[in-house]
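Listed below, chain by chain, are the residues.
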Amino acid sequence: MAVDSCLSSPLGPPACEKDAKALQFIEEMTKNTDSVQEKVLAEILSRNANTEYLQRFKVGGATDRDTFKSKVPVVTYEDLKPYIDRVANGDRSPIFSSHPISEFLTSSGTSAGERKLMPTIADELERRQKLYSLLQPVMNLYVPGLDKGKGLYFLFIKAETKTPGGLVARPVLTSYYKSEQFKTRPYDPSNVYTSPNEAILCVDSFQSMYTQMLCGLLMREEVLRVGAVFASGLLRAIRFLQLNWQQLAHDIATGTLNPRVSDPSIRNCMSKILKPNPELAEFVTKGCDGDNWEGIITRIWPNTKYLDVIVTGAMAQYIPTLDYYSGGLPKACTMYASSECYFGLNLKPMCKPSEVCYTIMPNMGYFEFIPHDPANPVQISHDSPPHLVDLADVELGKEYELVITTYAGLCRYRVGDILQVTGFHNSAPQFKFVRRKNVLLSIDSDKTDESELQMAIENATALLRPYDTNLVEYTSFADTKTIPGHYVIYWELLVKDPTNPPSQEVLNQCCLAMEESLNSVYRQCRLADNSIGPLEIRIVKNGTFEELMDYAISRGASINQYKAPRCVNFTPIVELLDSRVVSVHFSPAAPHWTPERRR
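Going by an unreviewed UniProt entry, the protein chain carries the name Probable indole-3-acetic acid-amido synthetase GH3.1 and comes from Nicotiana sylvestris. In the Sequence similarities (unreviewed entry) part of its UniProt record, the protein chain is described as follows: "Belongs to the IAA-amido conjugating enzyme family."

Student: What is the right way to look at empty space enclosed by the protein in this model?
Tutor: It is the rolling of a water-molecule-sized probe over the atoms that shows where space remains empty. With the rule as written, the count across this model stands at 2 cavities of 30 Å³ or more. If you add up the space inside the largest cavity, you get close to 50 Å³. If you go around the largest cavity, the residues you meet are Ser232, Leu235, Arg236, Tyr318, Ile443, Thr482, Ile483, Pro484, Gly485 and Ser531. Along the lines of polarity and charge, the residues of the lining of the largest cavity split into 5 nonpolar, 4 polar and 1 charged. There are two domains that each give the lining of the largest cavity at least three residues, and those are domain 2 (147–304) and domain 3 (450–586). Of the volumes computed, that of the second largest cavity is approximately 40 Å³. Of the residues contributing to the lining of the second largest cavity, the split by class is 6 nonpolar, 3 polar and 3 charged.

Student: Please explain the sheet that holds strand β13 (residues 389–390) as it appears in this structure.
Tutor: Strand pairing in a sheet relies on backbone hydrogen bonds. The paired strands run either parallel or antiparallel. The strand order across the open sheet formed by 8 strands is β9-β10-β11-β16-β15-β14-β12-β13, and the pairing between neighbours is antiparallel. Each end of this open sheet is capped by a strand with a single partner; those strands are β9 (335–337) and β13. For strand β11 (residues 358–360) and strand β16 (residues 428–436), the ladder comprises 2 bridges, and the chain directions are antiparallel. Within β16, the residue paired with Thr359 across the bridge is Gln430. This element, helix α6 (residues 124–142), spans β9 and β10 (342–345) of the sheet and lies at about 15 degrees to β10.

Student: So what exactly am I meant to see when it comes to the side chain of Asp19 here?
Tutor: On the secondary structure map, Asp19 appears in helix α1 (residues 17–31). Lys18 is the oppositely charged side chain nearest to the buried, salt-bridge-free Asp19, at an N-O distance of 6.4 Å. Of the polar contacts made by the side chain of Asp19, one reaches the side chain of Asn140; its length is 2.9 Å. Ignoring any residue separated from it by four or fewer positions in sequence, one finds Asp19 in contact with Pro14, Pro137 and Asn140.

Student: Looking at this structure, I do not really get the domain arrangement of the protein chain. What am I missing?
Tutor: The figure often quoted for interface size is the accessible area lost as the parts come together. When its domains are assigned, the protein chain resolves into domain 1 (17–122 + 337–436), domain 2 (147–304) and domain 3 (450–586). Taking the mean C-alpha position of each, domain 1 and domain 2 sit 34 Å from one another. With both chains or domains summed, domain 1 and domain 2 bury close to 1100 Å², and 53% of this area falls on carbon and sulfur atoms. Our enumeration of links across domain 1 and domain 2 arrives at 8 residue pairs in polar contact (both at pLDDT 80 or more).

Student: Looking at this structure, I do not really get the pairing of strand β19 (residues 469–479). What am I missing?
Tutor: Each regular strand displays side chains that alternate between the two surfaces of the sheet. For β19, a buried count of 8 out of 11 residues is recorded, marking the element as mostly surrounded by other parts of the structure. Pairing between β19 and strand β20 (residues 486–495): 10 bridges, direction antiparallel. Residue pairing for β20: Tyr474 is matched across the bridge by Trp491. The hairpin formed by β19 and β20 contains 6 residues between the paired strands.

Conventions and cut-offs
Residues numbered from 1 in each chain as written. Predicted model: local features only at pLDDT ≥ 70, side-chain atom pairs only at ≥ 80, totals over all residues. Heavy atoms only, no water. UniProt positions renumbered as here; feature names shortened; annotations may be inferred. 1 Å grid on protein atoms, 1.4 Å probe; cavity = no way out; pocket = protein on both sides within 12 Å on 5 of 7 lines; lining within 4 Å. Points joined across faces, edges and corners; volume = space filled by probe spheres on them. Nonpolar A, V, L, I, M, F, W, Y, C, P; charged D, E, K, R; others polar. Domains from an automatic or database assignment. Pairing = 2+ DSSP bridges. Helix = DSSP H or I, 4+ residues; strand = E, 2+ residues; numbered from the N terminus. Contact = heavy atoms within 4.5 Å. Axes fitted to C-alpha atoms, helices over the stretch in contact; angles between N-to-C directions. Buried < 20%, exposed > 50% of the residue type's maximum accessible area, 1.4 Å probe, protein only. Lys, Arg positive; Asp, Glu negative; His and termini not counted. Salt bridge = Lys/Arg side-chain N within 4 Å of Asp/Glu carboxyl O. Polar contact = N/O pair within 3.5 Å; in protein donor to acceptor, adjacent residues only side chain to side chain. Buried area = accessible area lost by both parts, 1.4 Å probe.

Here is the structure:
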């Protein structure tokens, strides 16, 4: 199809007229960033003017920025929790939003061990769908011919619950995959998956993964891109293939489906796809039988052009392993989103992982930024609100903490993401994701901060008291060399009675006690998703942490201000700790987790 020249885009020549319109929309939004933001805030304040939350701060129906900033405070989840609990318990009055709260989207765990509940409304799905619709037109600028094949994406839903008041609570991607917008999405040749909806929507993780992998193998020559939401998810899929290729090859050879896949909708769907193919089964066997899995992705799926996975932030630790399995294929990070709001997209998706930056789309919500200087943290209080910077006014090279106001009623909410301005597209800033604020450990969708780790340590070391043993010092490490990755905790112990030291079994139980103390997201990943392996405690020799301090001082640390890091990832430090390990202990069982919410 010829593309109308008047719809061409500064981003590059569009692949088709539909793409041209999407690229033109990006240009319009980013050229008018500040005016779009002003309009978005006015819309949010106008539609929610009669809500209890805005009336509490006497906004008085005003829709201008100055009134909003002078009257509405910057808040955290704990500030909003009393209101959220009322909605969760059945209060249907307009507390946050004039539109009914349609469901809760579950975010990362709180210090109390429960997932955060983020209120959302029905028309947020349309905004999210709009952002999704922009991803492929941008990708088509860099990788031509994606409409000639399919994407092997490993997509999963997670457990959902209902609040006491009857509202569904579930992760944002589960909400999207179960929506009519996803299930009845229009056919688009550039965005076709090998995975059938029936497999994506199966809550049993084994049946879902097995079916998606089987379909990926059956359509191996059509696959042009391989992906998952997070890098960790794609590595889980590769590990799954390592463990199950023999059964998969058997199913392909015989045209029969593994009886462990019992979901009726999947079996019905696969009966139309799965036919005996001994030649393909032999190919899979030859490719997977052996210890050499280097480049396995391109060996099994030879037409793969790139991996579509998030490898920014905590996921960057998986890049070397992805390179090993893919032969160094490009890794595309296409969008930036959270449970609270979808933010923006990467306009250069084929760049190096270290260069990934996201352009915030100003139509998605109203965005403000707290200047972030780790050496001089901003103190937030209701009495003296800080000066927040608008989206169009951030400065190149500076770091900021993201604050959002959404159509669903979140007002000046601190997301907890630290971003750095790396450039601009038109007048829209582009941000590099630096880190989650205060997060120490992360393997998958879990986020463990220092206070939570400390609490888990305290609960575990209580088991050492009968043995007159104290914990001298500790640190932690997210080990992603194993699949799935797992937490490693280094302990230096003082055993006061050498005739009665804690046994192997006691120290194993310490691992489990730590896991039981971690938040529900971690425990779900361990028990239900199998995306995190058993926690490991490595006992190190006495004096190890003194050596660690000596090493830090030799590199310029102040002896007066030094304190042991609570998380390490610098290779020489990890190697020093590992060289002093005297015993290794693993959690003997998975921690308790249930999808039911506590009342």
